[in-house]
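Understanding the architecture of this molecule
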Amino acid sequence: MSFSDLGLSPELLRAVADKGYDTPSPIQAQAIPAVMSGRDVLAGAQTGTGKTASFVLPILQRLLNDTEHGTSRAPRALVLTPTRELAAQVAQSSRDYGKYVQLHTYQVFGGVSINPQISNLRSGCDVLVATPGRLLDLAQQRCVDLSKVQVLVLDEADRMLDMGFINDIRKIIRLLPQKRQNLLFSATYSDDIRGLAEKLLHDPLSIQVAPRNAAIELVEQRAYRVQKEQKRHLLVHLIQEGQWHQVLVFTRTKHGANRLTQQLEGAGIKAAAIHGNKSQAARVKALEMFKKGQVTALVATEVAARGLDIKELPQVVNYELPNVPEDYVHRIGRTGRAGAAGEAISLVSGDEAGLLRDIERVLRRTIPVVQTPVFKILESAPMPAGQGSRGGDRPAGDRPPGQNRPQGNSHGNRGRDTRRSPGQQQRGRFN
Ligand code: AMP
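Residues numbered from 1 in each chain as written. Predicted model: local features only at pLDDT ≥ 70, side-chain atom pairs only at ≥ 80, totals over all residues. Heavy atoms only, no water.

Some details on the packing of aromatic side chains
Per the counting criterion, the structure on display carries 3 aromatic pairs. Ring geometry for phenylalanine 3 and tyrosine 21: centres 6.4 Å apart, planes at 35°, overall tilted. Here phenylalanine 3 is found in the segment before helix H1 (10–19), whereas its partner tyrosine 21 is found in the loop between H1 and helix H2 (26–36), with 18 residues between them in sequence. Overall, tyrosine 21 belongs to the partly exposed group, its relative accessible area being 32%. The interplanar angle of 50° and the centroid separation of 5.0 Å between the aromatic rings of phenylalanine 55 and phenylalanine 185 together place this pair among those described as tilted. Placement of the pair is phenylalanine 55 in helix H3 (residues 51–65) and phenylalanine 185 in strand E6 (residues 181–186), with a sequence separation of 130 residues. Each member of the pair phenylalanine 55 and phenylalanine 185 is classed as buried. An aromatic cluster is present here, built from Phe3, Tyr21 and Tyr97 joined pairwise through their rings. (Phe/Tyr/Trp six-rings, centres within 6.5 Å; stacked < 30°, edge-to-face > 60°. Helix = DSSP H or I, 4+ residues; strand = E, 2+ residues; numbered from the N terminus. Buried < 20%, exposed > 50% of the residue type's maximum accessible area, 1.4 Å probe, protein only.)

This is the structure in structure tokens:
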């Protein structure tokens, strides 16, 4: 199948061709005709599957076909997303796909001044992409008219529910016309999502492009056993030995992200943090620098990383395992995107053994625990001038008893550990 078989206008096809896409992805092949026919859709699709184009393209086509909307400039399509980054990304995709047609896309989200958004909304738009909280603020201030919305999209609905947006979503839905098309995209299906889908969707077409909760097949997953306080040393080793140039690292807390960023910088690795306490401008800048290769490691918390679309990201590191197993799927969805292979590496300390088991249960597969390479403990105190910037490094074999016992020989290891046969996999659990 090609895009031209999907009934899209020549202008939309031209924009798709500009993007360099040859063939619709499986979700696009299924969702585009359904959405164009006006049907509700329930789609189980992760980031990386091409889900954005699967709803944006047919929505633009529907709006182009809709000649009866008169002169009203109130939004006719509304996309709700959990995070600012995803809102900005979806809006950009909509502008990219709509660049040869007269349709206007605008985005609103919190964390930035509301006034420019108010004046932009006054000039009108066709597609509005929004995070729920800010949209509700704007609606309550009567700065946006949602009465003309014909299509509602809940993108990454599972994450919106996790983030506690359900009440905001309900309030927004009450402001929409009763007769409308509804599209719900979710990477995972909890009972809450099922409940929301039952209430919201009428006779939906269900599309599932990846097995439920299964991690993206192309991603090579592995875990290393490591003591909590030594994770940073192992991470520095992996980045330096593997000559990684673009790695997304997940921590559990904002504070942890800041601290690790400083520690990586201290080891001579360019790093930036991205989390909810950073201003929108700082987040955009960190992401841009990462995309351009000016920063090697982007250290992110769960929420901030949602929806980040970084092409062909080679490595994702779970510095700490997520508490919610489904988040693991989202995290590793950052790599191996659009057909590119990627690696997802988890650094697992003893207290995280249960979390790893939970993740494996959700994935319905085991994550190989491979031997931890020998790595150096880096001194935190700087050495006196003249001894070199790495002068504080101490080889793993040169440490006080009980600290950083070399844990084996594995990926990137150059055979310094002779205690185990090379490449031997250590499948033991953490007990
Ligand atoms: P998404 O799942 O919507 O976040 O898209 C993931 C990535 O795949 C984005 O970088 C898109 O530009 C890209 N993409 C979407 N559709 C296609 C396609 N049909 N062929 C190749 N790449 C695509």
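Thoughts on the nonpolar core
Core analysis: the biggest nonpolar cluster contains 37 residues, and Phe55, Leu57, Ile59, Val153 and Leu183 have the highest contact counts within it. In terms of residue count, the dominant contributor to this core is H3 (7 residues). For leucine 183, the residues in contact, after removing those within four places along its chain, are Val35, Arg39, Asp40, Val41, Phe55, Ile59, Val151, Leu152, Val153, Leu154 and Leu201. If you look at the next biggest cluster of nonpolar residues, it comprises 36 residues, including Val149, Leu154, Leu161 and Ile169. (Core = buried A, V, L, I, M, F, W, Y, C linked by side-chain atoms within 4.5 Å. Contact = heavy atoms within 4.5 Å.)

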